[in-house]
Amino acid sequence: MPTAAAPIISSVQKLVLYETRARYFLVGSNHAETKYRVLKIDRTEPKDLVIIDDRHVYTQQEVRELLGRLDLGNRTKMGQKGSSGLFRAVSAFGVVGFVRFLEGYYIVLITKRRKMADIGGHAIYKIEDTNMIYIPNDSVRITHPDEARYLRIFQNVDLSSNFYFSYSYDLSHSLQYNLTVLRMPLEMLKSETTQTRQESFDIFEDEGLITQGGSGVFGICSEPYMKYVWNGELLDIIKSTVHRDWLLYIIHGFCGQSKLLIYGRPVYVTLIARRSSKFAGTRFLKRGANCEGDVANEVETEQILCDASVMSFTAGSYSSYVQVRGSVPLYWSQDISTMMPKPPITLDQADPFAHVAALHFDQMLQRFGSPIIILNLVKEREKRKHERILSEELVAAVTYLNQFLPPEHTIVYIPWDMAKYTKSKLCNVLDRLNVIAESVVKKTGFFVNRPDSYCSILRPDEKWNELGGCVIPTGRLQTGILRTNCVDCLDRTNTAQFMVGKCALAYQLFSLGLIDKPNLQFDTDAVRLFEELYEDHGDTLSLQYGGSQLVHRVKTYRKIAPWTQHSKDIMQTLSRYYSNAFSDADRQDSINLFLGVFHPTEGKPHLWELPTDFYLHHKNTMRLLPTRRSYTHWWTPDIIKHLPLPYDEVICAANLKKLIVKKFHRYEEEIDIHNEFFRPYELSSFDDTFCLAMTSSARDFMPKTVGIDPSPFTVRKPDETGKSVLGNKSNREEAVLQRKTAASAPPPPSEEAVSSSSEDDSGTDREEEGSVSQRSTPVKMTDTGDSAKVTENVVQPMKEVYGINLSDGLSEEDFSIYSRFVQLGQSQHKQDKSSQQLCSRCSDGVIKLTPISAFSQDNIYEVQPPRVDRKSTEIFQAHIQASQGIMQPLGKEDTSMYREYIRNRYL
């Protein structure tokens, strides 16, 4: 009987588009190229899209035979060998979707990708380049004069800038949702398997399935949360006609990952930002909310912490925390025709019953549960009423909605004028934010997939015992969400979210047993690494919505920013103003066309002829809504029953319909994440490995001075960092710079990872000088005496640095290892047989290389590798089983050693 569940891995990861005069043939395969699927796209229809999916899984040999028959059948003359009837048009890694303007359909393909993160062995890729191909043949094409203009507008949405996808991990949902689905009871999975088999359109779905005991594993695939999917409209036309593996959903926002080394133990810190595709747009053109409760600049930010030493979702340790930013949920806007830096805020519609705010908070209760905490950072006191208009209306809306909610689930409203406290010399902004962050995290809790560790029982902490959320036998769940907003939801919001994320990170590290108290201090390697992630995150989101990078950063509010930062802030302000005044209108048209908000139609006004896009985003202006919600019971009835748990994660009939459950062999490729991640069938190079190239706390943040405490939780001085200059420009500094450059350089161009920028994890274009000055801490100039001390610390005895003295004689074991190294090096050069025989006589016990070629100039040898002893084999097998969730029982020696450790340290 199946005892586990696993995410389903898409079997379409490599694509090749073949072309004939009448059809396109899109051939997709899994990464191992063992299973293939084929789509046939008709090219004879001028305006309709005709796609045929034969729903059959081919082998490699069957696909070759099929392509051979197609090539032979499409030649101009039978038996002609000079010209081919089947042309290979393009290679790709996924289908973004299909789009039509005024002529025929286009297909958008992902042609380059770059790996950005890894979560439990599931790779997350960033789109690096795409290709847009017109489908109809030239002989049937009906040209239109405005087609080229629509094409340019559509391509203004740069798909190579911060769009992400994954073949096996649902990026539109949080880690808590994805792991909660995998832990569904087996009885539910069995019933869903039966329903899926009955309703499935794929007649080959259960082909060859073995149902005997112990060999089956449930594979689960959930429907994406369409609010954060940006190509949903492009895939909608083929969603019901093709297999689900062809549907590759992409998100827009930010994705970054860094490695936190804790005495050699790797911990991955991942930051994922999902930008909403509903009511999306640019800064001054999209404000407030629409009639359906979707707000402008809504971004869901999730920080994920995982122990990288164990990869499996079932056996590994994973933790996450989610928070949201978004515009104030009211009907409001700003008139940019006045060309003012701060246009006046106007309320467009009166909403005495807070209808639009009710719709928005109902969505949040369904996805996140309760409590909903609003952190409002807009100004409270102004000489001329500007931002305070929003605060007053928001307070009135929250007060009205709270009077109908149960007291334990009311919306928590926290107003705090961040700009006022920043100007005050007596107040520390970040200290006040830290107090707010502690109270917020205690109310919402966070997600962790393992129960509280034994160390938390041995060392009880008051803060830990007051933690909120929902405690379950398998760990903790986050219930509720923090919603942060200012006017633009950019600079102030990003700093506030960083402080809340920093507080949550401390609790996450404590829950995994990595620190002894849930508290992190500034100027530690861990916080510097996290701060850099959040600054990249803020810069990326600010460029997408505001047209420039962040103006005020964490260092600005800490008041430690270098003096050169002020001039850069002025330039960013001017860049933001220019973008808002001159280019935002074109960007808004591109977003409306890409997301399907506007559909070009013959005989109707074109996109550039519309005076406004207000009616496109507010559907109630074109037609009356069928029903209107109650003014008092403004929530969905089923949601309130399950609070504080989010309704989307509750096991009920409505949520089970969103799942696709299928039973596989235990070692089937669709669920074998170990085989998908390590890929034993291909030759890999360490230089191209993603885990070695990502930002590391030990390489990029820890000081390089010998004797420094390597803990990433030790407070450093401002000049003690891997990114600053210590002392004079010595050879040691150049070596550090070369090491850092080599680590951050992109891998060589390949079909898997093609990078356009070396140090920019977010994929945005920025100047090299600007990124260095924004990330690095201010350099502290030292005098001559200090530099002499630094030189003394750098020059250490050889015994202390390397553990050996070169003057000492080598042991036999070291000499044997060196002999093997020398002999392997010599085997790559031309040798004659006499020298090889001489070398083999004097190296007994070393790897033997026997020439097997009759020609002396050849470099072909027969290698006899050393034998692996039994103990090493058992250790390797235990490591493989641990990655699959099968843990070895502890022996008596291990148990006694752990007891002795606990007794000596804590008792």
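Refer to the structure above for everything that follows.
Just so you know, these numbers come straight off a predicted model, no measurement behind them. (Residues numbered from 1 in each chain as written. Predicted model: local features only at pLDDT ≥ 70, side-chain atom pairs only at ≥ 80, totals over all residues. Heavy atoms only, no water.)

J.: Explanation requested: the pattern of salt bridges in the structure shown.
T.: Two side chains of opposite charge can pair, provided their charged atoms sit close to one another. Scanning all chains against the criterion turns up 30 salt bridges. Of the charged contacts in the structure, one is a salt bridge between Lys-385 and Glu-392, with a shortest N-O distance of 3.0 Å. For Lys-385, a relative accessible area of 42% corresponds to the partly exposed category. A relative accessible area of 36% places Glu-392 in the partly exposed class. A single salt-bridge network, built from bridges that share partners, covers Arg-274, Glu-300, Glu-302 and Arg-367. (Salt bridge = Lys/Arg side-chain N within 4 Å of Asp/Glu carboxyl O. Buried < 20%, exposed > 50% of the residue type's maximum accessible area, 1.4 Å probe, protein only.)

J.: What is the right way to read the packing of helix H12 (residues 491-511) against helix H13 (residues 525-546) from this model?
T.: For any two helices packed against each other, one specifies the inter-axial angle together with the distance between the axes. Relative orientation of the contacting elements H12 and H13 amounts to 145°, with a least axis distance of 10 Å. The two elements H12 and H13 cross, and the hand of that crossing is right-handed. Between H12, through Asn-494, Gln-497, Phe-498, Gly-501, Lys-502 and Leu-505, and H13, the contact on the second element is made entirely by Val-527, Phe-530, Glu-531, Tyr-534, His-537 and Gly-538. Partitioned by chemical class, the residues of the contact of H12 with H13 number 5 nonpolar, 5 polar and 2 charged. (Axes fitted to C-alpha atoms, helices over the stretch in contact; angles between N-to-C directions. Helix = DSSP H or I, 4+ residues; strand = E, 2+ residues; numbered from the N terminus. Left-handed = near helix turned anticlockwise from the far one by under 90°. Contact = heavy atoms within 4.5 Å. Nonpolar A, V, L, I, M, F, W, Y, C, P; charged D, E, K, R; others polar.)

J.: Would you explain the sheet that holds strand E11 (residues 216-222) in this entry?
T.: Picture the strands of a sheet paired through backbone hydrogen bonds; they go either parallel or antiparallel. On the basis of which strands lie adjacent, the open sheet formed by 3 strands has the order E1-E11-E24 and mixed pairing. At either margin of the open sheet sits one strand with a lone partner, and together these are strand E1 (5-7) and strand E24 (659-665). Mean inter-strand twist for the sheet, computed between neighbouring axes without regard to direction, equals 35°. Where E11 and E24 come together, 7 bridges link them in antiparallel fashion. Residue Gly-219 lies in a different strand from E24, and its bridge partner there is Lys-662. (Pairing = 2+ DSSP bridges.)

J.: Sorry, what's going on with the pairing of strand E9 (residues 122-134) here?
T.: Successive side chains on a regular strand alternate, one facing one side of the sheet and the next facing the other. Within E9, 10 of the 13 residues are buried, leaving the element largely enclosed by the surrounding structure. Between strand E8 (residues 105-119) and E9, which pair antiparallel in sequence order, lie 2 residues; one of them, Gly-120, sits at a positive phi of approximately 60°. Both E9 and strand E10 (residues 163-165) contribute to a ladder of 2 bridges, which runs antiparallel. Paired with Tyr-125 across the two strands is Phe-165, which belongs to E10.

J.: Is there a simple way to explain the environment of Lys-423 in this structure?
T.: When you line up the elements, Lys-423 lands in helix H8 (residues 418-423). C-alpha separation for the pair Lys-423 and Tyr-557, spaced 134 residues apart in sequence, amounts to 9.8 Å.

J.: Is there a simple way to explain the sheet that holds strand E3 (residues 23-29) in this structure?
T.: In spatial order, the strands read E5-E4-E3-E2-E6; together these 5 strands make up an open sheet with antiparallel pairing. With partners counted over all chains shown, the strands left at the sheet margins are strand E5 (51-53) and strand E6 (87-92), one partner each. Across the sheet, the mean angle separating the axes of adjacent strands is 20° when strand polarity is ignored. With 7 bridges connecting them, E3 and strand E4 (residues 36-42) associate as antiparallel partners. Bridge pairing in E4 places Val-27 opposite Val-38.

J.: Teacher, can you tell me more about the packing of aromatic side chains here?
T.: Summed over the entire model, instances satisfying the criterion amount to 26 aromatic pairs. One aromatic cluster is present, built from ring pairs that chain together Phe-101, Tyr-106, Tyr-134, Tyr-150, Phe-154, Phe-163, Trp-230, Phe-594 and Trp-608. The aromatic ring of Tyr-125 is capped on one face by Arg-113, whose charged end is 4.4 Å from the ring centroid. Across the ring face of Tyr-134, the terminal group of Arg-141 is positioned such that the distance to the ring centre comes to 4.0 Å. (Phe/Tyr/Trp six-rings, centres within 6.5 Å; stacked < 30°, edge-to-face > 60°. Lys NZ or Arg CZ within 6 Å of the ring centre and 35° of its normal.)

J.: What is the right way to read the packing of helix H9 (residues 429-444) against H12 from this model?
T.: Axis separation between H9 and H12 bottoms out at 9 Å; the angle between their running directions is 55°. As summarised for this structure, H9 and H12 are arranged oblique, according to the angle between their axes. The handedness of the crossing between H9 and H12 is right-handed. Mapping the contact onto sequence places Leu-430, Leu-433, Asn-434, Ala-437, Glu-438, Val-441 and Lys-442 in H9 and Thr-495, Ala-496, Met-499, Val-500, Lys-502, Cys-503, Ala-504 and Tyr-507 in H12. Each residue belonging to the contact of H9 with H12 can be placed in one class, and the counts come to 10 nonpolar, 2 polar and 3 charged. (Parallel < 35°, antiparallel > 145°, perpendicular 65-115°, else oblique.)

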